[in-house]
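For reference, the chains in residue letters:
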Amino acid sequence: MLEHDVVVVGAGLAGMQAALHAARQGVSVAILTKVHPVRSHSNAAQGGINAAMEEDDPWEDHAYDTVKGSDYLGDQDAIEVLCSEAPETIIELEHMGVIFNRGSRGQIDLRAFGGQARKRTCYVSDITGQVLLHVIYEQLMKAGTTVYEEWFVTSLVRQNDAVCGVIAMDLCTGELQLIKAKAVILCTGGSGRVYEPSSNALICTGDGYAQAYRVGAPLMDMEMVQYHPTTLPGNGALMTEGARGEGAYLINADGERFMKRYAPNMMELASRDVVSRAEQTEINEGRDINGCVLLDVRHLDRNTILQKLSQIRELGLEYEGVDIIEEPCPVRPGMHYMMGGIKTDIEGATFVKGLYAAGESACVSVHGGNRLGANSLLDTLVFGKRAGTSAVLYADSIDSPDIPDSRLQEDQEHINGILAQDRDSGERAAALRLTMGETMHRHVGVFRTHNGLVEAQAIVANLKERFRNVRVDDRGKIFNTDLLFALEVGLMLDVAEAIVAGALFRTESRGAHYRTDYPERNDDDWLKHTLVFHGDSGPRLETLPVTITQWQPARRTY
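The model shown is predicted, which means the values in this text are computed figures rather than measured ones. (Residues numbered from 1 in each chain as written. Predicted model: local features only at pLDDT ≥ 70, side-chain atom pairs only at ≥ 80, totals over all residues. Heavy atoms only, no water.)

1. As for the overall build of the protein chain
What counts, and what does not: Where helices and strands are cited, they refer to DSSP runs of H or I of at least four residues and of E of at least two residues respectively, numbered from the N terminus. Here the globule rule reads 2.2 Å times residues to the power 0.38, and the radius of gyration is calculated from C-alpha atoms. Between buried and exposed lies partly exposed: a residue is buried under 20% and exposed over 50% of the maximum accessible area for its type, with that area taken using a 1.4 Å probe on protein chains only.
The helix and strand inventory of the protein chain stands at 16 helices and 21 strands. The C-alpha atoms of the protein chain give a radius of gyration of 22 Å, which matches the 24 Å a tight globule of 558 residues would have. The principal-axis extent of the C-alpha atoms belonging to the protein chain is close to 65 × 50 × 50 Å. Going through the 558 residues of the protein chain one by one, you find that 62% of them count as buried.

2. A short note on the packing of aromatic side chains
Test applied: Here the aromatic set is Phe, Tyr and Trp, taking the six-membered ring for Trp, and pairing holds for ring centres within 6.5 Å; pairs whose planes are under 30 degrees apart are stacked, those over 60 apart are edge-to-face, and all others are tilted. Remark: a charge is flagged as sitting over a ring if the NZ atom of Lys or the CZ atom of Arg is within 6 Å of the ring centre and within 35 degrees of the ring normal.
Scanning all chains against the criterion turns up six aromatic pairs. A ring pair is formed by Phe 258 and Tyr 262, whose centres lie 6.3 Å apart and whose planes are at 85°; its orientation type is edge-to-face. Assessed through its relative accessible area of 0%, Phe 258 is described here as buried. Relative to Tyr 514, the ring of Phe 447 has its centre 5.5 Å away and its plane inclined at 85°; by these criteria the two rings are edge-to-face. Here Tyr 514 lies in the loop between helix 15 (481–505) and helix 16 (523–526) and Phe 447 lies in the loop between helix 13 (429–443) and helix 14 (450–467), a separation of 67 residues in the sequence. Taking relative accessible area as the criterion, Tyr 514 reaches 22% and is therefore assigned partly exposed. One Lys or Arg, Arg 111, reaches over the ring of Tyr 123 and ends 4.0 Å from the middle of that ring.

3. A word on the packing of helix 4 (residues 86–96) against helix 11 (residues 376–396)
Convention followed: Note on geometry: axes are C-alpha line fits, over the in-contact stretch for helices, and angles between N-to-C directions span 0 to 180 degrees. Angular relationships are summarised with four words: roughly parallel below 35 degrees, roughly antiparallel beyond 145, roughly perpendicular across 65 to 115, and oblique for the angles in between. Residue contacts are counted whenever heavy atoms from the two residues lie within 4.5 Å of one another. Residue polarity follows a fixed list, in which Ala, Val, Leu, Ile, Met, Phe, Trp, Tyr, Cys and Pro are nonpolar, Asp, Glu, Lys and Arg are charged, and the others, Gly among them, are polar.
Between helix 4 and helix 11, the shortest axis-to-axis distance is 10 Å and the interhelical angle comes to 90°. By the angle between their directions, the pair helix 4 and helix 11 is classed as roughly perpendicular. Counting all contacts with helix 4, which are made through Ala 86, Thr 89, Glu 92 and Leu 93, the residues of helix 11 involved are Leu 378, Leu 381, Val 382 and Lys 385. The residue inventory of the contact of helix 4 with helix 11, partitioned by class, reads five nonpolar, one polar and two charged.

4. Structural notes on unusual backbone geometry
Here the bond from Glu 196 into Pro 197 is cis, since omega is 5°, no more than 30 degrees from zero. Cis geometry marks the peptide bond from Val 364 to Ser 365; its omega dihedral reads 0°. Take Ser 365: it is sitting in the loop between strand 17 (362–363) and helix 11. Despite not being glycine, Tyr 72 shows a phi value in the positive range, around 65°.

5. Some words on the environment of Gly 129
With respect to the secondary-structure elements, Gly 129 resides in helix 5 (residues 128–142). A relative accessible area of 0% means that Gly 129 is categorised as buried. Those residues in contact with Gly 129 that lie beyond four places of it in its chain are Ser 42, Asn 43, Ala 45 and Leu 377.

6. Observations concerning the environment of Gln 550
Put simply, the rule is: Polar contacts here mean pairs of N or O atoms no more than 3.5 Å apart (in protein, one a potential hydrogen donor and the other a potential acceptor; neighbouring residues in sequence count only if both atoms are side-chain atoms).
Relative to the assigned elements, Gln 550 resides in the segment after strand 21 (540–545). Along the backbone, Gln 550 and Glu 427 are 123 residues apart, and their C-alpha atoms lie at a distance of 53 Å. Each residue touching Gln 550, except ones within four places of it in the same chain, is listed here: Gln 76 and Glu 80. For Gln 550, the side chain forms a polar contact with the side chain of Glu 80, separated by 2.7 Å.

7. A closer look at the sheet that holds strand 5 (residues 121–122)
The condition that has to hold: When DSSP finds two or more bridges between two strands, those strands count as paired.
Reading across the sheet, the three strands line up as 3-5-4 and stay open at both edges, with antiparallel pairing between neighbours. Among the strands making up the open sheet, the edge pair consists of strand 3 (49–50) and strand 4 (110–111). Here two bridges tie strand 3 to strand 5, and the two strands are oriented antiparallel to one another. Opposite Asn 50, over in strand 5, you have Thr 121 as the bridge partner.

8. Describing the nonpolar core
Stated formally: Think of a nonpolar core as a cluster: buried Ala, Val, Leu, Ile, Met, Phe, Trp, Tyr and Cys residues, connected wherever their side-chain atoms sit within 4.5 Å.
Membership of the largest hydrophobic core comes to 76 residues, with the highest contact counts inside it found for Leu 355, Met 440 and Ile 499. With 15 residues, helix 15 is the largest single contributor of residues to this core. Filtering out sequence-adjacent residues up to four positions away, Leu 355 remains in contact with Leu 156, Val 163, Val 184, Leu 186, Ala 212, Val 215, Ala 217, Gly 348, Ala 349 and Thr 350. Grouped together as the second largest cluster of nonpolar side chains are 60 residues, Val 98, Ala 162, Tyr 356 and Val 364 included.

9. Concerning helix 15
As a reminder, the rule being used: Expected span of a helix: the number of residues minus one, times 1.5 Å.
Compared with the 36 Å implied by 1.5 Å per residue over 25 residues, the 36 Å span of helix 15 between its first and last C-alpha is a close match. Judged by how many residues are buried, helix 15 sits mostly within the fold: 22 of 25 residues are covered.

What follows is the structure, given as C-alpha cells:
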C-alpha cells in the first residue's frame, strides 16, 4: 500500500500549482496523472492570463468586468481573491522563468480579450498555457515531488465522513493500488468530451466531477457550459480569442461584421456567451457558410500574425487548408469549458472532509454563468496554490488513515465484471460515448428548450442502463486503453446527468445557459447557484445564495 500526506489527482496547471505549494511545506506529496504532466490540457490554453498590471488599472476594475461577465452569478468574494492576487501571480511566474511578450518599453505586453474594458491579458505569443506548464513542471521536479505518471484513479476512498485516499490503476501494468492520503486534491480538468464535438483533448472526460459526486460532494452550476465562438468545424480545434484581441473580425456570408447588431460597443470582443449566440443565430437564420461564420485577420499586419498568432495560422493551414494571412477561416461555436464543477470554498475545500478541488474541475465560483477569456489560467494558479496550502493544514491536523485492503477489491470486481462481459452481446463504450456527446451538443448546447432537455435526460438515463453491459475487446493488462475508455464513459455519464439536471432546474436564461422557453434573466427567482447531489434514485437538486460584496446585479450589455 502506498501512502502520502497529500495526493493531487491531475497534473495540469492547477494540479502542479497545488502540488508545488504543498511540497514547499515539507509534507509528502504525490501527483497522479493519466498522461505525462506536460501533455495535460492546460497546454491548449493559447491567448494569455489576465491581471491588472498597470498603475491606472486597479484590480477592482478587473473584478467588475469578471462579475459582469459572469452575468452576476459569480461569487464576488472569490472574484475579489482572484483579481487582487493576479498581479503577484504574474510576477511569481516571471521569476520562475516565464518569458512573457514585452512591450516597447520592455514591460510585460498586454492584449485585449473579450468582455473587458481595457487590455489586461499577459501572453506568450499564442502558446501561453504550454509555456506556463513547462516552467511550473521544472519547479515541481526541483521540489522532488513524486509523480505517478500514466495512472488512472478509479475511485476515491471515503471512510466515515472523510476522503482518505484513492484507488488507482497503473496503466503500464494494469495493477490496482490503494494509495492512502490524509488529503486529496482533485485537479482533473474539464469534461469537454461529454460533448461531441469539443475543443477539449480526449483526456478531458470529467473524471474528478463524477468521483467527487459519488462520494457526496455536490456539483455546482453544472448547466453553465461555455461554447467558444471560434473553433474549427472539422475537429473543434480552438482559434484563440487573442486573434480578436489583436483586431480580427467576424463576418457572415454577406461579408457583414454582424456583431454590430448584437454588441455595438464591444463588437467581436463582447463576452463569449454573447458572441457564440450571435454566431449561432447567424448560422440558424441562413447567413452562414456551410454551418460556419468567418474569422478574418487579413487586415492585420503580416508580422503581427507571424509573431503573435503563429499557432492558429498553423492550425488553419493544417486542418482547413486556409492561410489566415491570405483568406478568412471558417469557425463556429464549439463546446469549450465548464464554469460549473465541484463546489469549493475559497481555500479549495469541498463539502467532504479531506477532499479539495481546484481549476476547471472546481467551482469556487469565479466564472458564474460565463467565463471571461484568460481568466481560466489565473483561476488554476490562484486557487491551485490555495488548495495546496489548505490541504497541508488539514493533513497536519489528523492522523494517518487506516483503510482495509478489502476496499481495493470493490474496484477490482467492477473491472473484472467489464473484462468478463460477453464480447458478442455487450455494448461498446465508443458507441455510448458518441450518442451521449451528440445528444448533449444537440439539446444542451448554445440554445436549450424544455422538450430538448427532457429528451436528453431520457437518452442519458438509457445510456446509463446500457453501460451496465459495456464490454471491451482487449482483455490484457498492459496499457489497456480499451478498458480505460470504458471506465471513463461510466464517469462521463454521471457528468452528463448532472449537467442536464441543472439545465432543466434553472428556468431562466443567464450567461451560457440560454433557454428559448425562458429567454430572460430572472434575478427574483434565480440569482442563486444550483447544487446537484448524487442520489440512489438520481440527482437531487438544491440551491445556494450568490455571494455579493460590492457590485449589485445590473442589465448586462456590451
